[in-house]
Amino acid sequence: MKARVTVTLKDGVLDPQGQAIEKALQNLGFSGVGAVRQGRYFEVDLNGADPASAQSRVEEMCEKLLANTVIENYAVEIEN
Amino acid sequence: MKAAVIVFPGTYREQDMMRALKKGGANEVSAVWHAETELPGGTDLVVLPGGFSYGDYLRSGAIAARAPVMASVADHAKKGGLALGVCNGFQMLCEAGLLPGTLMRNAGLTFICKEVHLRVEATNSAFTNGYRHHQVVRFPVAHHDGNYFADPATLDRLEGEDRVAFRYCAPDGTVDPKSPTANPNGSQRAIAGILSENRNILGLMPHPENLVEELLGGTDGLPLFESLGLAA
């Protein structure tokens, strides 16, 4: 089983890296680009077959390490 | 004063720190490897020095904050023991939840390596009682992730409890959070260092340990180590 974890900055947290990417996209001529926010993505291979317990285990991993919940949100997706 | 300086893979400021602690009057200073599970008996002060622990993987200080030795560090601090985190050490203290907030990428996105001016805000602590209120000091900084962030309620609380130890400022002491020269990394409210609720933990981004001798350009950092030397 595999968990896909996406960590993103919370609303209201300034993201200067996202802003720099946004400017670079505009410089490349991409029109209609609004705000860009940079995040992180993890794939975690898991033993076991119960998606519900995998979900709660990975959420605990996010709380303890993968995300800094002062500034970041996380989303967990379990794939069988 | 018996001090323990914790060394992680990627730490490289521990020698400067140990030298500054000795110069400040600490009579016993030891280096402790991160894989230890206990601090040396009778440790009065734990120091998390600067460097790039674990290559800043995941987030600066994030992996180090979960190292085996950190449970003892937290235990020491929660019992009221003194703990100092400088630069990467400040990032670790925040990641470990021993200090509030976090250090984000510098607002200008560049690594900043230069001397900055700081205004001493809180003198009521074992770390800062050798300074005068609003004294302007000059410390070096060398970091990529020094942009202090916390939610407004936390910032208000830090200020209300006199827990902002140092702020970045202009050479004349003026604090201007919006100025890229007076607040070089864009920290919220120009915060450079904060104290814990019980005032026994200090985290700061600039390096007081690198200005403790005239030969190396000044002694503005020395009062911090001298007051620690007298603390226990």
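Residues numbered from 1 in each chain as written. Chains lettered and ligands numbered in written order. Predicted model: local features only at pLDDT ≥ 70, side-chain atom pairs only at ≥ 80, totals over all residues. Heavy atoms only, no water.

K.L.:
Quick one: what's the story with the nonpolar core, residue by residue and with numbers?
P.N.:
L21(B), L45(B), L84(B) and F166(B) are the most contacted members of the largest nonpolar core, which totals 69 residues. Setting aside anything within four residues of it in sequence, one finds L45(B) in contact with M1(B), K2(B), A3(B), A4(B), L21(B), H76(B), L82(B), A83(B), L84(B), F127(B) and L228(B). (Core = buried A, V, L, I, M, F, W, Y, C linked by side-chain atoms within 4.5 Å. Buried < 20%, exposed > 50% of the residue type's maximum accessible area, 1.4 Å probe, protein only. Contact = heavy atoms within 4.5 Å.)

K.L.:
Before we move on, can you summarise the confidence of the model for chain B with the specific residues and values?
P.N.:
For chain B, mean pLDDT is 96; residues scoring 70 or higher make up 100% of the total. Model confidence for the complex: the whole-complex pTM is 0.94, and ipTM, which rates the interface, is 0.84. (pLDDT = per-residue confidence, 0-100.)

K.L.:
Describe the interface of chain A and chain B, naming the residues involved and giving the relevant values.
P.N.:
Interface extent is often summarised as the accessible area lost during association of the parts. On the side of chain B, 13 residues touch chain A, which itself brings 16 residues to the contact. Of the roughly 1200 Å² buried between chain A and chain B, counting both surfaces, carbon and sulfur atoms make up 67%. On the chain A side of the interface with chain B, the three residues burying the most area are P16(A), L65(A) and N68(A), jointly 36% of the side's total. As a salt-bridge pair, R59(B) and E72(A) come within 3.9 Å of each other at their nearest N and O atoms. Every element with two or more residues in the side of chain A that touches chain B is listed here: α1 (16-27), β2 (40-45) and α2 (51-66) of chain A. Counted by class, the side of chain A that touches chain B contains 11 nonpolar, two polar and three charged residues. (Buried area = accessible area lost by both parts, 1.4 Å probe. Salt bridge = Lys/Arg side-chain N within 4 Å of Asp/Glu carboxyl O. Helix = DSSP H or I, 4+ residues; strand = E, 2+ residues; numbered from the N terminus. Nonpolar A, V, L, I, M, F, W, Y, C, P; charged D, E, K, R; others polar.)

K.L.:
Before we move on, could you go through the sheet that holds strand β6 (residues 112-120) of chain B and cite the residues and values that matter?
P.N.:
Residues and elements named next belong to chain B. Pairing in this open sheet of nine strands is mixed, and the strands run β2-β1-β3-β4-β11-β10-β9-β6-β7 from one edge to the other. The two strands at the open ends of the sheet, each matched to only one other strand, are β2 (28-33) and β7 (136-143). When strand polarity is set aside, the average angle formed by the axes of neighbouring strands in this sheet is 20°. As judged from the three bridges shared by strand β1 (residues 2-7) and strand β3 (residues 45-48), these two strands associate in the parallel manner. When the sheet's bridge partners are listed, A3 is paired in β3 with L45. Sheet contacts for helix α3 (residues 88-95): β3, β4 (82-86), β10 (191-195) and β11 (201-204); angle to β4, the most-contacted strand, approximately 120°. Taken strand by strand, helix α5 (residues 222-229) contacts β3, β4, β9 (164-169) and β11, and its axis lies near 160° from that of β4. (Pairing = 2+ DSSP bridges. Axes fitted to C-alpha atoms, helices over the stretch in contact; angles between N-to-C directions.)

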